[in-house]
Amino acid sequence: MMLVEMKHISKQLGSFHLKDISLELPEGYILGLIGPNGSGKTTLLHVLLGLYEQSGGTVTIDGMSYAEAEPAIREETGVVLLEDMFDGDLSLLTNGNNYGSFFKGYNREILQWYLERFGLSPKRKFKALSRGEKLKFQFAFALSHDAKLLVLDEPTGNFDREFRKEFFQVLKEFIADGKRSVILSTHLTEDLDRIADYILYLDHGKSVFSGD
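Only a predicted model underlies this, so the values are computations on that prediction, with no experimental measurement involved. (Residues numbered from 1 in each chain as written. Predicted model: local features only at pLDDT ≥ 70, side-chain atom pairs only at ≥ 80, totals over all residues. Heavy atoms only, no water.)

(A) Quick peek at the overall build of the protein chain. Counting its regular elements, the protein chain contains seven helices and nine strands. Here the C-alpha atoms of the protein chain give a radius of gyration of 17 Å, agreeing with the 17 Å that 2.2 N^0.38 yields for 212 residues. For the C-alpha atoms alone, the extent of the protein chain along its principal axes is close to 45 × 40 × 35 Å. Counting all 212 residues of the protein chain, 50% fall into the buried class. Within the protein chain, contacts between residues at least 6 apart in sequence are counted, and of these 70% link residues at least 24 apart. (Helix = DSSP H or I, 4+ residues; strand = E, 2+ residues; numbered from the N terminus. Rg over C-alpha atoms; globule rule 2.2 N^0.38 Å. Buried < 20%, exposed > 50% of the residue type's maximum accessible area, 1.4 Å probe, protein only. Contact = heavy atoms within 4.5 Å.)

Next comes the structure, spelled out in structure tokens:
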């Protein structure tokens with residue numbers, strides 16, 4: 001079954017134009033979204049996540065559209081974005097519990113388990129974390145609410161080499177049941193050589209290559 005379908009997506013942002021982008025991602029696979037800076041990767045992910053409304057085309061996640069089932073889509077989607085999405089003055093566990101209240105599938109014990117696995121103290125304040133640690137926390141939270149789809153925007157460039165190995169191992173574990181999938185945006189193409197099943201390559205807002 002197709003978990004993600006984006007058909008003929010277009011989006012105008014100032015002078016930048018994302019043009020006629022399509023992708024399909026079945027359950028149980030990882031798609032690598034690659035391309036140089038400014039190619040449209042983040043714009044496409046923001047359309048996928050319903051943060052931008054596309055100028056043209058359609059988006060469905062698990063057979064649902066945002067117009068018909070936005071709350072259900074958000075329940076099924078875990079995200080790691082470059083933007084800080086949490087309260088800097090609160091601890092990681094308090095942040096997790098506060099934001100987790102918006103997700104029926106949130107599990108505090110799972111969050112704590114991943115925080116320990118990633119070397120993060122639940123008592124630390126979010127603002128005290130390094131850039132890489134903030135992304136680790138986002139990743140832990142994304143895994144804590146029973147998402148079917150992970151959408152990850154350029155996290156690996158902020159991880160040290162040792163944690164990148166752990167990161168890819170967690171992604172493999174995430175899709176192991178054949179029901180969950182991952183979209184990983186990165187400019188580090190060597191990351192995808194060992195993990196991605198599908199590739200979408202963007203350049204200047206256009207699809208250069210899409211396939212397995």
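(B) Local environment of the sheet that holds strand β9 (residues 206-211). A sheet is described by the order of its strands in space; here six strands give the open sequence β5-β6-β7-β3-β8-β9, paired in mixed fashion. Either end of the sheet is taken by a strand with one partner, and the two such strands are β5 (77-80) and β9. Direction aside, neighbouring strands of the sheet carry axes that sit 15° apart on average. Relative to β9, strand β8 (residues 198-203) is paired through five bridges, and the arrangement is antiparallel. Looking at β9, one finds that Y201 is bridged to F209. Against the sheet, helix α1 (residues 41-48) touches β3 (30-34), β6 (149-153), β7 (181-185) and β8, its axis set at about 150° to β6. (Pairing = 2+ DSSP bridges. Axes fitted to C-alpha atoms, helices over the stretch in contact; angles between N-to-C directions.)

(C) View of helix α6 (residues 161-175). Its 15 residues give α6 an end-to-end C-alpha distance of 22 Å, which sits within 8% of 21 Å, the value for a rise of 1.5 Å per residue. Those residues of α6 that sit buried are F163, R164, F167, F168, V170, L171, F174 and I175. The buried residues of α6 occupy an angular sector of 155° when the element is viewed end-on, so they sit on one face. Contacts from the buried residues of α6 go to β3, α4 (108-117), α5 (131-142), β6, β7 and α7 (189-193). Measuring from the backbone nitrogen of E162 back to the side-chain oxygen at the start of α6 gives 3.1 Å, which picks out D160 as the cap. (Expected span 1.5 Å × (residues − 1). Arc of directions from axis to C-beta. Polar contact = N/O pair within 3.5 Å; in protein donor to acceptor, adjacent residues only side chain to side chain.)

(D) Structural view of the confidence of the model for the protein chain. On average, residues of the protein chain score 94 in pLDDT, and 100% of them reach the 70 mark or higher. When pLDDT is averaged over each element of the protein chain, α4 comes out on top at 98 and α7 at the bottom at 77. (pLDDT = per-residue confidence, 0-100.)

(E) View of helix α3 (residues 92-100). Along α3, the residues classified as buried are L92, L93, N95, G96 and G100. Here the buried residues of α3 occupy an arc of 160° about the axis, which is enough to place them on one side. Looking at the buried side of α3, the elements it contacts are α4 and α5.

(F) Representation of the sheet that holds strand β1 (residues 2-13) in the model. Reading across the sheet, the three strands line up as β2-β1-β4 and stay open at both edges, with antiparallel pairing between neighbours. Because the sheet does not close on itself, it has two edges, and the strands there are β2 (16-26) and β4 (56-61). If you compare each strand with its neighbour and ignore which way they point, the axes differ by 15° on average. This element, α1, spans β1, β2 and β4 of the sheet and lies at about 120° to β1.

(G) Structural context of unusual backbone geometry. We note that H8 has phi near 55°; this positive angle belongs to a residue other than glycine. Inspection of the secondary structure puts H8 in strand β1. With phi around 60°, D146 is a residue other than glycine that occupies positive phi space. With respect to the helices, strands and loops of the structure, D146 is situated in the loop between α5 and β6. Classification of D146 by relative accessible area gives partly exposed; the value is 47%.

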